Amino acid sequence: MTKKTTIFVTQENLPPELVERDQWVCWRSEKRDGKQTKIPVVPGEGSFASSTDSDTWSDFETALDFVTNERADGIGFVFTKEDPIVGVDLDDCRDADTGDVDDDAQDIIDRLDSYTEISPSGTGYHVLINGDLPEGRNRRGHIELYDTARFFTVTGDRVDDTTGQVKRRQDALEAIHREYVQLHSENKDPERDEHTSVRDDAKTTPTIDLEDDELLKKAKNASNGPKFERLWNGNTAGYDSNSEADMALCCLLAFWTGGDTTQMDTLFRQSGLLRAKWDEVHYADGSTYGEKTIERAIEATSEYYDPSPRDESTQSKLETEPETTDVDIDEPNRQNAYLIEKNQLLSTRVSELEATIEQKDERIEALERQVEDLSAEPSARSDEDSREQGHQTSGSEDNSDNASLLGRTRRLFSGNSE
């Protein structure tokens, strides 16, 4: 492991955004509680380092020299509030022998499109981007996001066909956080109607037993029916990728089927989103893309359709009005759905306004240049008029002198003749 790390780490093959910061520590691999753990140590000293104490960090050269002299197993970069760097840690998603990558990890790497390297173990990846980590939980399963008080091991073993720079990727970060991490967070006090049941045990799902045709009819007539129907027909508009649209439809199907994996799979195969990828093996455990998508959708769903009879006071109303159950394509409850859609609309509006402002700024600059040109013209005319007046005055003075000389000449000749 030490050899692998020191081979790749050089100043030349790391992003300058990292190298130029004095936020480096070294680490040693030690076994604690039966598990190998990377312990941060102070470069040049070897004592324990802290990801919250800058006095235990150093510049890049000092950290690398300590590893080169085989006094540590590797180097690490510490995230702080002062820097804009966010680290995305993808564990247990790569086969160290074959290099095969899990589908989710590849999707995240492709969408972030920033500096990405293989972890020291060879079984994971570290992606570094510039951005602001969204609020909420920062980890789920083998995916972790950090922006402060943590350190990332750095190997310099950059993934082929990825950039060597730390790129600004805020939109992609927010989408990935929402889809892979926040989507699976617990929902507190979700907004529900009479037909929504809440799962108390994460491993228990209700039995709904709706026939496919009846389920589809209810899903399309719900308040978020247009969204369901768009996805059902294969319309992926508004999603960053086909995978995100697949996940959205599966979340809706999980709600209506009560998490019945067989019925979810059967229904999805009838939708316009079905493609060959659904049955392809994309995971190290042998799971297909479709199986893993359904599994993730069920984990993300904490509310399910409740087919139990309602009381008479609501029955008459519901006979004339469509069900109001609303499960968002990205979040399991309506409140989050509203906020997400509102943010999307606001984001679009902001982009439009920014474009309008840019056009107006350009127009203002053009008008300012015209004003400057027009202001310069009167000044030029004034100078020209002054010069003309000067010529006229000079001419008058010359005429006066000539007249005076002529008078004296006449008087002189007049006197001589007398």
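Residues numbered from 1 in each chain as written. Predicted model: local features only at pLDDT ≥ 70, side-chain atom pairs only at ≥ 80, totals over all residues. Heavy atoms only, no water.

Turning our eyes to something else, we now look at the sheet that holds strand β7 (residues 139–140). One open sheet accounts for 5 strands, arranged β5-β6-β4-β8-β7; its pairing is antiparallel. Across the chains shown, the open sheet's two edge strands, defined by having one partner strand only, are β5 (115–118) and β7. Pairing geometry for β7 and strand β8 (residues 143–146), over 2 bridges, is antiparallel. Considered in β8, the bridge of Arg 139 is made with Glu 144. Packed on one face of the sheet, helix α4 (residues 103–112) meets β4 (85–90), β5, β6 (125–130) and β8 and runs near 160 degrees to β4. (Pairing = 2+ DSSP bridges. Helix = DSSP H or I, 4+ residues; strand = E, 2+ residues; numbered from the N terminus. Contact = heavy atoms within 4.5 Å. Axes fitted to C-alpha atoms, helices over the stretch in contact; angles between N-to-C directions.)

Our next topic: helix α3 (residues 60–68). Each turn of an α-helix holds 3.6 residues, which means side chains three or four residues apart point in the same direction. Buried within α3 are the following residues: Phe 60, Ala 63, Leu 64, Phe 66 and Val 67. One face of α3 carries all of its buried residues, which in axial projection span an arc of 155 degrees. Positive phi shows up at Glu 70, right after α3, with a value of about 60 degrees. (Buried < 20%, exposed > 50% of the residue type's maximum accessible area, 1.4 Å probe, protein only. Arc of directions from axis to C-beta.)

Attention shifts here to the state of the cysteines. Applying the stated criterion across every chain, the model contains 0 disulfides. We note that Cys 250 lacks a disulfide partner, and the nearest cysteine sulfur, in Cys 251, lies 7.4 Å from it. (Disulfide = S-S within 2.5 Å.)

This part covers helix α9 (residues 261–268). Gln 263, Met 264, Leu 267 and Phe 268 are the residues of α9 that are buried. The arc that holds every buried residue of α9, seen down its axis, measures 130 degrees, which confines them to one face. Looking at the buried positions of α9, the neighbouring elements they touch are α6 (212–221), α7 (225–232), α8 (242–257) and α10 (289–300). Its side-chain oxygen 3.1 Å from the backbone nitrogen of Thr 262, Asp 260 forms the N-cap of α9. (Polar contact = N/O pair within 3.5 Å; in protein donor to acceptor, adjacent residues only side chain to side chain.)

Overall, the prediction assigns the protein chain a mean pLDDT of 78, with 70% of residues at 70 or greater. Below pLDDT 50 for its whole length, residues 184–203 participates in 56 contacts with residues either more than four positions away or in separate chains. Taken as a whole, residues 311–335 scores under 50 in pLDDT and shows 65 contacts with residues more than four places along the chain or in a different chain. (pLDDT = per-residue confidence, 0-100.)

Pairing is antiparallel across the open sheet formed by 4 strands, whose spatial order is β2-β1-β3-β9. Edge positions in the sheet fall to β2 (35–41) and β9 (150–154), since each has one partner strand and no second. Geometrically, the sheet is characterised by an average inter-axis angle of 45 degrees between neighbouring strands, direction not taken into account. Where strand β3 (residues 74–79) and β9 come together, 5 bridges link them in antiparallel fashion. Note on β9: the bridge partner recorded for Ile 75 is Val 154.

Attention now goes to the pairing of strand β1 (residues 24–32). Taken together, the 4 bridges between β1 and β3 define a ladder with antiparallel strand orientation. Across the sheet, the residue bridging to Trp 24 is Phe 77, located in β3. Bridge count for β1 against β2 is 7 bridges, and the pairing is antiparallel. Of the residues in β2, the one forming a bridge with Arg 28 is Ile 39.

With that settled, consider the pattern of salt bridges. One pass over the full model with this rule turns up 15 salt bridges. In this structure, Asp 107 and Arg 111 form a salt bridge, with 2.8 Å as the shortest nitrogen-oxygen distance. One end of the pair is Asp 107 and the other is Arg 111, both in helix α4 and 4 residues apart, which spans about a single turn. The exposure class assigned to Arg 111 is buried, which follows from its relative accessible area of 16%. (Salt bridge = Lys/Arg side-chain N within 4 Å of Asp/Glu carboxyl O.)

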